[in-house]
Amino acid sequence: MPKIADIEGTPNKNALKFILKEPLTWGIARSYDNADAARDDPLASALFDIDHVTNVFYIDHWITVTQDGEANWQDLAREVADPIRAAPAASEQTAETVSSANDVLSQLSPEDQQRLERINIMLDEEVRPYLRSDGGDLHILGLEGNILKIHYQGACGTCPSSITGTLRGIEHMLRTIEPDIHLIAC
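**Student:** Can you break down the overall build of the protein chain residue by residue, with the values?
**Tutor:** Across its full length, the protein chain holds six helices and eight strands. Mapped from its N terminus to its C terminus, the protein chain presents α and β elements in the order β-β-β-α-β-β-α-α-α-α-β-β-α-β. Here the protein chain has roughly 9,800 Å² of accessible surface; of this, 50% comes from carbon and sulfur atoms.

**Student:** Provide a residue-level description of the nonpolar core, including the pertinent values.
**Tutor:** In terms of nonpolar packing, the biggest core is built from 25 residues, with Phe18, Leu47 and Ile63 touching the most fellow members. Counting only elements with at least two residues in this core, the list comes to strand E2 (15-20), helix H1 (42-48), strand E4 (53-59), strand E5 (62-67) and helix H2 (73-86). The element that contributes the greatest number of residues to this core is H2, accounting for six residues. Met122, Leu123, Cys156 and Leu174 belong to the second largest nonpolar core, which has 19 residues in total.

**Student:** Please provide a residue-by-residue account of the packing of aromatic side chains, values included.
**Tutor:** Going through the model one piece at a time under the given rule, you end up with one aromatic pair. When the centroid spacing of 5.3 Å and the interplanar angle of 65° are considered together, the rings of Phe57 and Trp62 count as edge-to-face. The same class applies to Phe57 as to Trp62, namely buried. When the ring centre of Trp62 is taken as reference, the NZ or CZ atom of Lys17 above it lies at 4.8 Å.

**Student:** Go over the sheet that holds E5, please, and point to the residues and values.
**Tutor:** With respect to topology, five strands assemble into an open sheet ordered E1-E2-E5-E4-E3, the strand pairing being antiparallel. Pairing within the sheet leaves two strands with one partner each, and these edge strands are strand E1 (4-9) and strand E3 (30-32). Between one strand and the next, the sheet's axes are offset by a mean angle of 15°, whatever the strand orientation. Pairing of E4 with E5, which is carried by six bridges, proceeds in the antiparallel orientation. Considered in E5, the bridge of Val53 is made with Gln67. In this fold H2 packs onto E1, E2, E4 and E5, with an angle of close to 40° to the strand it touches most, E2.

**Student:** Quick rundown of the side chain of Arg128? Include the residues and the values.
**Tutor:** Structurally, Arg128 can be placed in helix H5 (residues 110-133). The class for Arg128 is buried, based on a relative accessible area of 7%. Leave out the neighbours within four places in its chain, and Arg128 touches Asn120, Leu123, Asp137, Leu138 and Ile140.

**Student:** Explain unusual backbone geometry residue by residue, including any values.
**Tutor:** Not every positive phi belongs to a glycine, and His52 is a case in point at roughly 85°. Note that His52 resides in the loop between H1 and E4. Its identity is not glycine, yet Asp60 carries a phi of approximately 50°, on the positive side. A relative accessible area of 27% means that Asp60 is categorised as partly exposed.

**Student:** Describe in detail the sheet that holds strand E6 (residues 136-144), supporting the description with residues and values.
**Tutor:** The sheet built from three strands is open, its strands ordered E6-E7-E8 with mixed pairing. The open sheet terminates on both sides in strands that have one partner only, identified here as E6 and strand E8 (182-185). Pairs of neighbouring strands in the sheet enclose a mean axial angle of 30°, with direction left out of account. As paired elements, strand E7 (residues 147-154) and E8 share four bridges and run parallel to each other. Each bridged residue has a counterpart across the sheet, and for Ile150 the counterpart in E8 is Ala185. Strands in contact with H5 are E6 and E7; relative to E6, the strand with the most contacts, it is inclined by about 165°.

**Student:** Could you give me a rundown of a negative patch on the surface, with the residues and numbers involved?
**Tutor:** The grouping of Asp51, Asp68, Glu70 and Glu79 at the surface amounts to a negative patch. Along the chain, Glu70 turns up in the loop between E5 and H2.

Rules of the game
Along each chain, residue indices are assigned from 1 in the same order as the chain's sequence is written. For a predicted model such as this one, the threshold for reporting local features is a pLDDT of at least 70, and the threshold for listing and counting side-chain atom pairs is 80 or more; totals across whole chains, interfaces and linings nevertheless cover every residue. In computing side-chain properties, one takes all heavy atoms of the structure into account and sets aside hydrogens as well as water. Comment: elements are numbered from the N terminus, with helices defined as DSSP H or I runs of at least four residues and strands as E runs of at least two. In these tables, accessible area is a Shrake-Rupley quantity obtained with a 1.4 Å probe, and a residue counts as shielded only by the protein chains included in the view. We define a nonpolar core as any set of buried Ala, Val, Leu, Ile, Met, Phe, Trp, Tyr and Cys residues linked to one another through side-chain atoms lying within 4.5 Å. Only protein chains enter the accessibility calculation, which uses a 1.4 Å probe. A residue is then buried if its area is under 20% of the maximum for its type, exposed if over 50%, and partly exposed in between. Here is the rule: rings of Phe, Tyr and Trp (six-membered ring for Trp) pair when centre to centre is within 6.5 Å. Planes less than 30 degrees apart are stacked, more than 60 are edge-to-face, and the remainder are tilted. Both a distance and an angle decide whether a charge sits over a ring: NZ of Lys or CZ of Arg must be within 6 Å of the ring centre and within 35 degrees of the ring normal. Being paired, for any two strands, means DSSP has found at least two bridges between them. In this analysis an axis means a line fitted to C-alpha atoms, helices contributing only their contacting stretch, and an angle means the value between N-to-C directions, from 0 to 180 degrees. When checking whether two residues touch, look at their non-hydrogen atoms; a contact exists if any pair is within 4.5 Å. Patch construction takes residues with relative accessible area above 30% that form no salt bridge. Like charges are linked within 9 Å, and nonpolar side chains (Val, Leu, Ile, Met, Phe, Trp, Tyr) are linked within 5 Å. We define a salt bridge as a side-chain nitrogen of Lys or Arg found within 4 Å of a carboxyl oxygen belonging to Asp or Glu. For the purpose of charge, His is not counted, nor are the chain termini; Lys and Arg are scored as positive and Asp and Glu as negative. Lysine's charge is taken at NZ, arginine's at CZ, aspartate's at CG and glutamate's at CD.

The structure is reproduced here in structure tokens:
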């Protein structure tokens, strides 16, 4: 059962990031935009059972919970802390589980796989650390020609700056290795 080490605000006033002493996963992100999507995840389901919770995102040693803006964070943080503390810590994951996270890559041509690998390296080095420090992340949904489809996760998913300035900044950065790339946030 993970213990909460710290709670941090995020640039999104409707999201809080809970830092944990034990990991919930080993490098596998879990992101849910509603209770239906989370029905097979006991932790996320328990969080969505709490009034005002609208998004749950977690990976490794942290979890971000987003609310609808109608609740007082002081009260809501106490409520969401209970299911987080009750969740089991991550156990060793099999190679199959980790490799299933790369489904997008396996469906591409060898040339597009190489392109996407370069893009992911840049995102891992230059973008994801900053998004994660703010309680969010981005997941690549697909690469079709010069269109890269991404999905913001956690605090970034409902943050206005993610959809505008951050998206354009990432696109500009990626154009240093893919001059004709266009990003679409889905």
